[in-house]
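Observations on the model geometry
Residues per chain are reported as follows:
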Amino acid sequence: MTDSRNHRVARPLFSLALDGQDLTRRLEDRLESLTLTDNRGFEADQLDVTLLDHDGQLAIPRRGVKLSLALGWSDTGLLDKGTYIVDEVEHSGSPDRLTLRARSADLRAGLTTQREQSYHRQTVGAIVRSIAARNQLQPVLGAGLADELIEHLDQTNESDANLLTRLAQQCDAIATVKADRLLFCRAGQAQTASGQPIPGVTLTRASGDSHRFTFADRDAFSAVRAYYHDAKAAKRQSVSVNGKGVASGRGTAPSADNVRVLRHTYATKATATRAAKAEWARLQRGVAQFSLTLAHGRPDLYPETPVTVSGFKPEIDGAGWLVVRIVHTLGDGGLTSAVELELAPGK
């Protein structure tokens, strides 16, 4: 890509700061590779930085220091890519190298501490706001989720992060923390750290140097079944969800059909139905997957970014996609981005 301001080829840029001290100039000639893995949900993002230490002048930082990263291009500038906690340091040779491995600073200790708590007849919004408050986070809920009623939810020796993940699975939602904000929204409704809807992008075949599309219809489930305890009848009942709607039933044995059976037994029929519908929606999105390696890296891409593609097969170009994982790599090959996508809701 050409920098229109000076008619030169655009150069990849990076900025690294250790505990707030900008080290970019000291490290730019030592950088061998940098990899940032940006995940969806509560799976921690990871930053790996490998530096050349041929002259032995690099000091080994202590674990727990904060490493801040920005990535970009000389024609568009740098984009903030977050702050990470260094939890592993490796020195190897020869030639001597120093490798720092750091994980997202957003997953604070409170979110991973096991707790005992029960929520009875509370809305999704009330539960999320309660968890956000005790972790000093700002809650952000997607449209249509806040008022959904949860009959009962137990948190037994379980972290807030795990509870939110479980609640998100019941509601076909995504739960994550970005820039001190607890985001709880449906797939495709995510927001940026600044609170704005993530804008969609178009990626063409010319943007990448490799791709992979898989369609797994032969393995698709015909329905999802969830069980619940019917207090009035004192029996275990079930609901099944497929493309035709919801059906009720009794008993515990799955049918001979290719049915996905949820392991958890829910407190009410409404909760079981919500969980079955959410799992059915996830299965439909997972039928097709698409991955693309961008030769000209896109630091502006995040998980949940809506994507339209062109230049491939009609089945690929005609679908709407969501980014579920992206790996930015800076090294001898320049700045590249490996993007993993799934079908957007309703596609």
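Scroll up a little and you will see the structure.
One structure accompanies this document, and this report is about it. Keep in mind that what you see is a predicted model, and the values were worked out from it rather than measured.

1. Considerations on the layout of surface pockets
Estimates place the volume of the largest pocket at around 830 Å³. What lines the largest pocket is a set of 35 residues, among which Thr165, Ala168, Gln169, Glu279 and Arg282 lie closest to the centre. Examining the composition of the lining of the largest pocket, we find that six residues originate from one element, helix H5 (residues 269–286), more than from any other. Split by residue class, the lining of the largest pocket holds 13 nonpolar, eleven polar and eleven charged.

2. Quick look at the sheet that holds strand S13 (residues 173–178)
Ordered by their spatial adjacency, three strands build an open sheet running S11-S14-S13, and the pairing between neighbours is mixed. Strands at the two margins of the open sheet, each flanked by one partner only, are strand S11 (138–141) and S13. Averaged over neighbouring strand pairs, the angle between their axes works out to 15° when direction is ignored. One ladder, built from four bridges, connects S11 with strand S14 (residues 181–186); its direction is parallel. Across the sheet, the residue bridging to Leu141 is Phe184, located in S14. Strands in contact with helix H3 (residues 124–134) are S11 and S14; relative to S11, the strand with the most contacts, it is inclined by about 155°.

What counts and how
Residues numbered from 1 in each chain as written. Predicted model: local features only at pLDDT ≥ 70, side-chain atom pairs only at ≥ 80, totals over all residues. Heavy atoms only, no water. 1 Å grid on protein atoms, 1.4 Å probe; cavity = no way out; pocket = protein on both sides within 12 Å on 5 of 7 lines; lining within 4 Å. Points joined across faces, edges and corners; volume = space filled by probe spheres on them. Helix = DSSP H or I, 4+ residues; strand = E, 2+ residues; numbered from the N terminus. Nonpolar A, V, L, I, M, F, W, Y, C, P; charged D, E, K, R; others polar. Pairing = 2+ DSSP bridges. Axes fitted to C-alpha atoms, helices over the stretch in contact; angles between N-to-C directions. Contact = heavy atoms within 4.5 Å.

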